[in-house]
Amino acid sequence: MLIAPSLLSCDFSKMGEEVVRMDKAGADWMHLDVMDGHFVPNLTFGAPIIKWVRPCSDKPFDVHLMISEPLRYIDDFASAGADIITFHAESDSDIAETIKKIKGHGIKAGLVLKPNTPASAAFPYLQDLDLVLVMTVEPGFGGQRFMADMMPKVRELKEEITRRGLDVLIEADGGIGADTIAQAAKAGVDVCVAGTAVFKADNPAQVIRELQQY
Ligand code: DX5
Ligand code: ZN
């Protein structure tokens, strides 16, 4: 299992140091949660902050856009150094156009599904995607409870990806830790985001190592 610590749970007064700390702790990817206070009821940071912390690690930057108009900002996040940009199927931007815009920058594109959005919403775009991110909490805040009832959605996606012989990763985000990751792994998740579980741990390196075993 690849583990992507979510910087949403870091100490924002030293975000660069936190990225270095996660890099040294063995994180596979860095997960950066961008919220606009409109698509979700919370605000975080934008492309300039990502650009500032970009030199702190060579690990892939997985930028999760929880914003209403992702298409408008793809150029900014790509120039800031994102390696993967994921955006919501429920946003106001045209999905096919947004994927095309992301891939035009030579980086990976992912589509995110909120808990109430079915797997089938991603099916028409699967051949153009590198990743599908299944939310296992309602997006907006860290520290929420893992929704185990999202696992059938993961299975459905996995089956469709396999059936069509595609190379698309499945990522899960929200409430993942030592007590829940086995369910995600069993359902076919390839990459797990973990905020609270990693940042609130006394020994993040040990937690990351443990989660990577799945
Ligand atoms: C939620 C974010 C997540 C969140 C995960 O809207 O997309 O990435 O930070 O945090 P935990 O692991 O604490 O649920
Ligand atoms: Zn996220």
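The model shown is predicted, which means the values in this text are computed figures rather than measured ones.

K.L.:
Go over the overall build of the protein, please, and point to the residues and values.
P.N.:
From N to C terminus, the protein includes eight helices and eight strands. Relative to the compact-globule value of 17 Å for 214 residues, the protein shows a C-alpha radius of gyration of 16 Å, a close match. With respect to the principal axes defined by its C-alpha atoms, the protein has extents near 40 × 35 × 30 Å. Counting only residues that meet the buried cut, the protein has 54% of its 214 residues in that class. Across the protein, every contact between residues at least 6 apart in sequence was considered, and the portion connecting residues at least 24 apart equals 65%. Accessible surface, the protein as shown: approximately 9400 Å² in total, 49% of it carbon and sulfur.

K.L.:
Describe the site of ligand 1, naming the residues involved and giving the relevant values.
P.N.:
For ligand 1, the set of nearby residues contains 20 residues, the closest of which are Gly140, Asp173, Gly175, Gly195 and Thr196. With respect to ligand 1, the side chain of Asp33 contributes an N or O atom lying 2.8 Å from an oxygen atom. Residue Gly175 places a main-chain N or O atom 2.8 Å away from an oxygen atom belonging to ligand 1. Protein contacts shield 99% of the accessible area of ligand 1, which totals 380 Å² for the unbound molecule. Residue assignment for the shell around ligand 1 shows that the elements contributing at least two residues are β2 (30-35), β3 (61-66) and β8 (191-194). Take the shell around ligand 1: its biggest share by element is three residues, from β2.

K.L.:
Please give an account of the sheet that holds β3 that cites residues and values.
P.N.:
Across the sheet, which stays open at both edges, the eight strands sit in the order β1-β8-β7-β6-β5-β4-β3-β2 with parallel pairing between neighbours. Strands at the two margins of the open sheet, each flanked by one partner only, are β1 (2-5) and β2. Geometrically, the sheet is characterised by an average inter-axis angle of 25° between neighbouring strands, direction not taken into account. With six bridges joining them, β2 and β3 adopt parallel strand pairing. In the strand pairing of β3, Met35 is matched with Met66. Across the sheet, helix α1 (residues 15-24) lies against β1, β2 and β3, angled at about 145° from β2, the strand it touches most.

K.L.:
Quick rundown of the coordination of the zinc ion (ligand 2)? Include the residues and the values.
P.N.:
At the metal site, the zinc ion (ligand 2) is ligated by His31 (NE2), Asp33 (OD), His64 (ND1) and Asp173 (OD), and these contacts range over 2.0 to 2.3 Å. Geometry at the zinc ion (ligand 2) is octahedral, judged from its six donor atoms and the angles of 69 to 170° they form at the metal. In terms of primary sequence, the donors binding the zinc ion (ligand 2) are separated according to H-x1-D-x30-H-x108-D. Of the two residues, His64 is situated in strand β3 and Asp173 in strand β7 (residues 169-173); the sequence distance between them amounts to 109 residues. A relative accessible area of 0% places His64 in the buried class.

K.L.:
Pulling in residues and values, what's your account of the state of the cysteines?
P.N.:
Evaluation of the coordinates by the stated rule reveals zero disulfides. Looking at Cys10, it has no disulfide partner, and the nearest cysteine sulfur is the one in Cys56, 11 Å off.

How each quantity is defined
Residues numbered from 1 in each chain as written. Chains lettered and ligands numbered in written order. Predicted model: local features only at pLDDT ≥ 70, side-chain atom pairs only at ≥ 80, totals over all residues. Heavy atoms only, no water. Helix = DSSP H or I, 4+ residues; strand = E, 2+ residues; numbered from the N terminus. Rg over C-alpha atoms; globule rule 2.2 N^0.38 Å. Buried < 20%, exposed > 50% of the residue type's maximum accessible area, 1.4 Å probe, protein only. Contact = heavy atoms within 4.5 Å. Areas by Shrake-Rupley, 256 points an atom, 1.4 Å probe, with all protein chains shown as cover. Near = heavy atom within 4 Å. Polar contact = N/O pair within 3.5 Å; in protein donor to acceptor, adjacent residues only side chain to side chain. Pairing = 2+ DSSP bridges. Axes fitted to C-alpha atoms, helices over the stretch in contact; angles between N-to-C directions. Donors = N, O, S within 2.8 Å, 3.2 Å for Na, K, Ca; no water. Tetrahedral: all angles 85-135°; square planar, octahedral: opposite > 155°, others 65-115°. Disulfide = S-S within 2.5 Å.

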